[in-house]
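Listed here are the chains, written in short residue letters.
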Amino acid sequence: MSKLWGGRFTKETNKLVEELTASISFDQKLAKEDIEGSLAHVQMLGEQEIISAEDAEKIKNGLHKIKEKLAAGELEYTVENEDIHMNIEKFLIDEIGPVGGKLHTGRSRNDQVATDMHLYLKDHTAGIIELVEAVQTAIINQAEQNVETIIPGYTHLQRAQPVSFAHHLLAYFWMLERDKARLTDSLERVNWLPLGAGALAGTTFPIDRERVAELLGFEEVYPNSMDAVSDRDFILEFLSVGSILMMHISRLSEELVIWSSEEFKFVELDDSFCTGSSIMPQKKNPDVPELLRAKTGRVYGNLMSLLTVLKGLPLAYNKDMQEDKEGMFDTVETLEGSLQMLAPMIDTMTVNKGRMRQAVNQDFSNATDIADYLVTKGVSFREAHEVIGKIVLYAIGENKFLLDLGLEEYKQFSELFEDDIYEVLAPEHVVGARKSYGGTSQEQVSKQLELAKSKLK
Ligand code: ARG
């Protein structure tokens with residue numbers, strides 16, 4: 001088959017070279033964007049009288065037919081036509097005849113592919129922001145039911161101080177809120193139109209780039225044609241913002257794995273999000289959060305891979321840039337799939353309040369509060385810390401927790417202890433006393449919850 005660019009060639013392309021250089025196996029994901037970009041381009045070509053209004057109309061009709069075939073799954077791509085741009089151009093020529101060849105006037109595949117990528121990320125970034133919001137909504141729903149639920153809070157994965165379960169969950173709300181802000185900010189750069197840059201230097205035709213930007217919904221036009229065709233920063237930004245988002249997803253997933261273990265049993269994931277073991281009949285495995293945790297690896301990998309591809313590339317377009325696609329698609333699809341799974345998994349999980357209560361009653365996470373108790377009675381914090389350390393050591397020896405010790409036992413360590421110590425040590429009090437802004441008291445968490453809700457539409 002003769003190539004659309006075949007005029008200068010006397011030999012057929014080597015088959016292996018054809019396979020190596022073709023991108024159609026993966027860039028067919030850009031078919032919709034490619035047609036949208038072409039529709040805007042040809043509209044402008046007609047308006048500027050670069051091609052006749054009649055030809056522009058024919059091309060538009062042809063493109064609409066191809067769009068219909070795309071939706072019906074009737075397009076058959078060929079490796080001979082290399083990439084999505086030339087496959088579509090070939091379909092167009094087959095559809096409407098040689099006049100289809102006028103579509104590529106004043107345009108190159110270099111500005112075309114960059115435009116497709118911008119359009120693709122514009123659309124998917126907006127979709128990902130919505131999916132993040134769905135996870136935030138699920139977090140809020142669980143948090144609302146658990147303001148009063150107390151769990152041990154951890155540092156070093158050792159029991160530290162008790163916290164409201166809602167407070168713990170809401171920490172993830174704010175991580176996701178920052179992810180949304182980063183995604184939204186990255187859209188500012190995605191919103192630049194490269195089309196009209198030509199191969200690298202602009203074009204001799206009197207094109208109107210502002211008009212194309214308007215038709216495609218872009219806010220800016222790249223002011224430098226060489227930058228326009230070689231910029232992949234907007235993809236790198238997406239991949240790095242996506243990596244941070246995926247890291248958050250993996251941290252939350254890890255909590256779900258830990259919490260649903262027999263040792264913790266704080267939550268139970270819904271059966272529909274777990275699988276069994278082929279040998280051990282009793283098992284219910286948290287495969288979904290495990291896989292979300294693991295998929296973080298490929299998302300980081302996609303970022304490293306593109307950074308490496310771009311490193312040291314001279315201006316302007318280089319074929320290396322074709323390697324920007326698979327990683328971007330993979331990160332988009334991994335994020336979309338993970339977020340879609342996470343929201344219902346959080347929504348449907350059962351919170352084992354009884355088990356959480358039991359955990360809180362059986363630890364020393366209220367130790368700071370008796371230290372603070374002595375401080376209110378005039379002891380320095382450092383000295384109080386020492387006294388309480390000794391009490392904890394004593395209690396461990398007696399196989400007791402702080403609430404189990406009698407007042408006489410307390411008085412052995414300091415005469416300042418009175419009956420009100422038991423009130424101070426109760427988990428509700430320990431949590432409720434942390435009233436500082438952003439702290440875990442039920443009162444502060446309720447306020448935080450309202451603030452979180454106000455961030456969602
Ligand atoms: N398939 C190519 C890519 O994805 C399109 C641009 C090709 N340009 C070129 N001059 N060969 O990068």
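Up top you'll find the structure we're talking about.
Concerning a negative patch on the surface
On the surface, a cluster of negative charge is contributed by Glu 188, Glu 210, Glu 219 and Glu 220. Note on placement: Glu 210 falls in helix H8 (residues 209–216). Classification of Glu 210 as exposed rests on a relative accessible area of 57%.

Focus: a nonpolar patch on the surface
A cluster of nonpolar residues, Leu 200, Met 226 and Leu 315, forms a patch on the protein surface that exposes about 270 Å² of accessible area. As for its placement among the helices and strands, Leu 315 is situated in the loop between helix H11 (287–310) and helix H12 (325–348).

Observations concerning the pairing of strand E2 (residues 158–164)
Examined bridge by bridge, strand E1 (residues 150–155) and E2 share six bridges and lie antiparallel to one another. Bridging from a neighbouring strand, Gly 153 pairs with Gln 161 of E2. If you look at the hairpin formed by E1 and E2, you'll find two residues sitting between the two strands, and His 156 has a positive phi there, around 60°.

Brief notes about the site of the ligand
In the vicinity of the ligand, the residues found are Ser 23, Asp 27, Asp 83, His 85, Arg 109, Asn 110, Val 113, Tyr 317, Gln 322 and Lys 325. Here Tyr 317 contributes a side-chain N or O atom positioned 2.4 Å from an oxygen atom of the ligand. Separating an oxygen atom of the ligand from a side-chain N or O atom of Lys 325 is a distance of 2.5 Å. The protein chains hide 86% of the 340 Å² of surface that the ligand would expose on its own.

Considerations on the side chain of Gln 112
Mapped onto the secondary structure, Gln 112 falls in helix H6 (residues 109–144). On the accessibility criterion, Gln 112 (3% relative accessible area) is buried. Those residues in contact with Gln 112 that lie beyond four places of it in its chain are Asp 34, Ser 38, His 85, His 104, Arg 107 and Leu 195.

Section: helix H19 (residues 442–455)
With 14 residues, H19 extends 20 Å between its outermost C-alpha atoms, agreeing within 8% with the 20 Å of an ideal straight helix rising 1.5 Å per residue. Along H19, the positions that sit buried rather than exposed are Gln 442, Gln 444, Val 445, Gln 448, Leu 449 and Ala 452. Viewed end-on, H19 has its buried residues packed into an arc of 150°, placing them on one side of the element. Counted as exposed and oriented over 90 degrees from the buried face of H19: Lys 447 and Ser 454. Packing partners of the buried residues in H19 comprise H6, E2, helix H7 (165–190) and helix H18 (427–432).

Cut-offs applied
- For every chain, the first residue of the written sequence is number 1, and numbering continues from 1 along that sequence.
- In keeping with the model being predicted, local features are shown solely for residues with a pLDDT of at least 70 and side-chain atom pairs are shown and tallied solely at 80 or more, while totals for entire chains, interfaces and linings include all residues.
- The basis for the side-chain values is all heavy atoms of the structure; hydrogens and waters are excluded.
- A patch consists of residues exposed above 30% relative accessible area that lack any salt bridge, with like charges linked at up to 9 Å and nonpolar side chains (Val, Leu, Ile, Met, Phe, Trp, Tyr) linked at up to 5 Å.
- Reported accessibility uses the Shrake-Rupley method at a 1.4 Å probe radius. Residues are deemed covered only where the shown protein chains occlude them.
- Counted as salt bridges are all cases of a side-chain nitrogen of Lys or Arg within 4 Å of a carboxyl oxygen of Asp or Glu.
- The charge count treats Lys and Arg as positive and Asp and Glu as negative. His and the chain ends do not count.
- Where a charge lies is defined by one atom per residue type, namely NZ (Lys), CZ (Arg), CG (Asp) and CD (Glu).
- Put simply, DSSP H or I for four residues or longer makes a helix, DSSP E for two residues or longer makes a strand, and each gets a number counted from the N terminus.
- We call a residue buried when its accessible area falls under 20% of the maximum for its residue type, exposed when it is over 50%, and partly exposed in between, using a 1.4 Å probe and counting protein chains only.
- Here a strand pair is declared whenever DSSP counts at least two bridges between the two strands.
- For each residue, the test is whether any non-hydrogen atom lies within 4 Å of the molecule or strand; if one does, the residue is near.
- Pairing of N or O atoms within 3.5 Å defines a polar contact, subject to two protein rules: one partner must be a possible hydrogen donor and the other a possible acceptor, and residues neighboring in sequence count only if both atoms are side-chain atoms.
- Contacts are assigned to residue pairs that have any heavy atoms within 4.5 Å of one another.
- One fewer than the residue count of a helix, multiplied by 1.5 Å, yields its expected span.
- Starting at the helix axis, one direction is taken to each C-beta atom, and the arc is that of these directions.

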